[in-house]
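Chain by chain, the residues run as shown.
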Amino acid sequence: MPKDRLLFEKTGRARYISHLDLMRTFQRAFLRADIPIKHTEGFNPHPFISIALPLSLGFSSACEILEFGLLEGTNHADVPAKLNAVLPEGVVARACYPGERSLKELAALEYAIHLEFDSDPQGLIAAWSSAMSRESWVIEKKSKKAKSGTTTLDIAPLIKGFNFTEVENNGIELTCTVSAQNPGLNPNVMVNALTEEFPEWKLSFVTYHRGRALDKDGKEFR
């Protein structure tokens, strides 16, 4: 089925809208905005929409991608304003356009991670940088598919780049680019592995913001 795409933001209190609730939110928004979209076939048709690489609960993002099918007679340029008039606070449509590239070309995601610690994180940047630069870094993570409930994953090749900056109030800003899929790396898994390996730095607060979706050449994917 032909696809159109919507680039949207999810920030503020909207970070706590679950993936399924967000899908329902968009279904209602298209209806309320009087934007005709394609529906699935069958006895109980429903709107044909999906969100690429769903965001973890509590994460914010400036680069979420929703796929759907516009019916003829609707201009892409009119869609964002119509949706923004009915979407909840924190969910903002930025652009609507034909989906010309396969989602398989979405190779990496860039995150900005803000971390705060109970005390001065002196020495943390050097220690964490060394860990994140390893040729191999095998961790154990939860898995619903494994009988044991956990599985192992080498996350070293999934970390494509990173940079640290110290900020006030015992804080660190970590910008990192990680693999998006097949397999992808949730930065929360990486941060959990770091805090477990280096318990001398007690993490008191963390936020995650997805900033850009990239292709294999490091260019913005839309």
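In this numbering scheme, every chain counts its residues from 1 along its sequence in written order. Given that the model is predicted, a residue must reach a pLDDT of at least 70 before its local features are reported, and side-chain atom pairs must reach 80 or more before they are shown or counted; all residues, however, enter totals for whole chains, interfaces and linings. The basis for every side-chain value is the complete set of non-hydrogen atoms in the structure, without hydrogens or water.

**Student:** Account for the nonpolar core, with residues named and values stated.
**Tutor:** Among the nonpolar cores identified, the biggest contains 42 residues, and I113, W128, W137 and M190 are the most heavily contacted of them. Every helix listed is a DSSP run of H or I at least four residues long, and every strand listed is a run of E at least two residues long, numbered separately from the N terminus. Listed by contribution, the elements that provide at least two residues to this core are β3 (60-68), β4 (91-98), β5 (108-117), α3 (124-132), β8 (159-167), β9 (171-179), α4 (187-197) and β10 (203-214). We define a nonpolar core as any set of buried Ala, Val, Leu, Ile, Met, Phe, Trp, Tyr and Cys residues linked to one another through side-chain atoms lying within 4.5 Å. When accessible area is computed with a 1.4 Å probe and restricted to protein chains, residues below 20% of their type maximum are described as buried, those above 50% as exposed, and intermediate ones as partly exposed. Formed by 24 residues, the second largest nonpolar core is a distinct cluster that contains I37, L66, F68 and C96.

**Student:** Hey, could you go over the packing of aromatic side chains for me, with residue numbers and the actual values?
**Tutor:** Stacked, tilted and edge-to-face pairs are distinguished by plane angle, under 30 degrees for stacked and over 60 for edge-to-face with tilted covering the rest, among Phe, Tyr and Trp rings (Trp via its six-membered ring) whose centres lie within 6.5 Å. Summed over all chains, the structure comprises eight aromatic pairs. On the numbers, 6.2 Å between centres and 85° between planes, the contact of F59 with Y111 is edge-to-face. Residue F59 is found in the loop between β2 (49-51) and β3, and its partner Y111 is found in strand β5; the two are separated by 52 residues along the sequence. Each member of the pair, F59 as well as Y111, carries the same accessibility label: buried. With 5.9 Å between their ring centres and 70° between their planes, F162 and F164 make a pair best called edge-to-face. Look at F162 and you get partly exposed, because its relative accessible area is 29%. Judged by its relative accessible area of 11%, F164 is buried. Here a set of aromatic residues connected by ring pairs shows up, and it is made of F117, W128, F162 and F164. One cation-aromatic arrangement involves R134 over W137; the distance from NZ or CZ to the ring centre is 5.4 Å. Between the NZ or CZ atom of R222 and the centre of the ring of Y97, over which it lies, the distance is 4.5 Å. Only lysine NZ and arginine CZ atoms are considered, and such an atom sits over a ring when it is within 6 Å of the ring centre and within 35 degrees of the ring normal.

**Student:** Lay out unusual backbone geometry with the relevant residues and their values.
**Tutor:** At the junction of N182 and P183, the peptide bond is cis and its omega measures out at -10° in the coordinates. Relative to the helices and strands, P183 is located in the loop between β9 and α4. Phi at L53 is positive, roughly 45°, even though this residue is not glycine. Examined against the element boundaries, L53 turns out to sit in the loop between β2 and β3. The class of L53 is partly exposed, set by a relative accessible area of 21%. Positive phi outside glycine occurs at N170, with the angle close to 60°.

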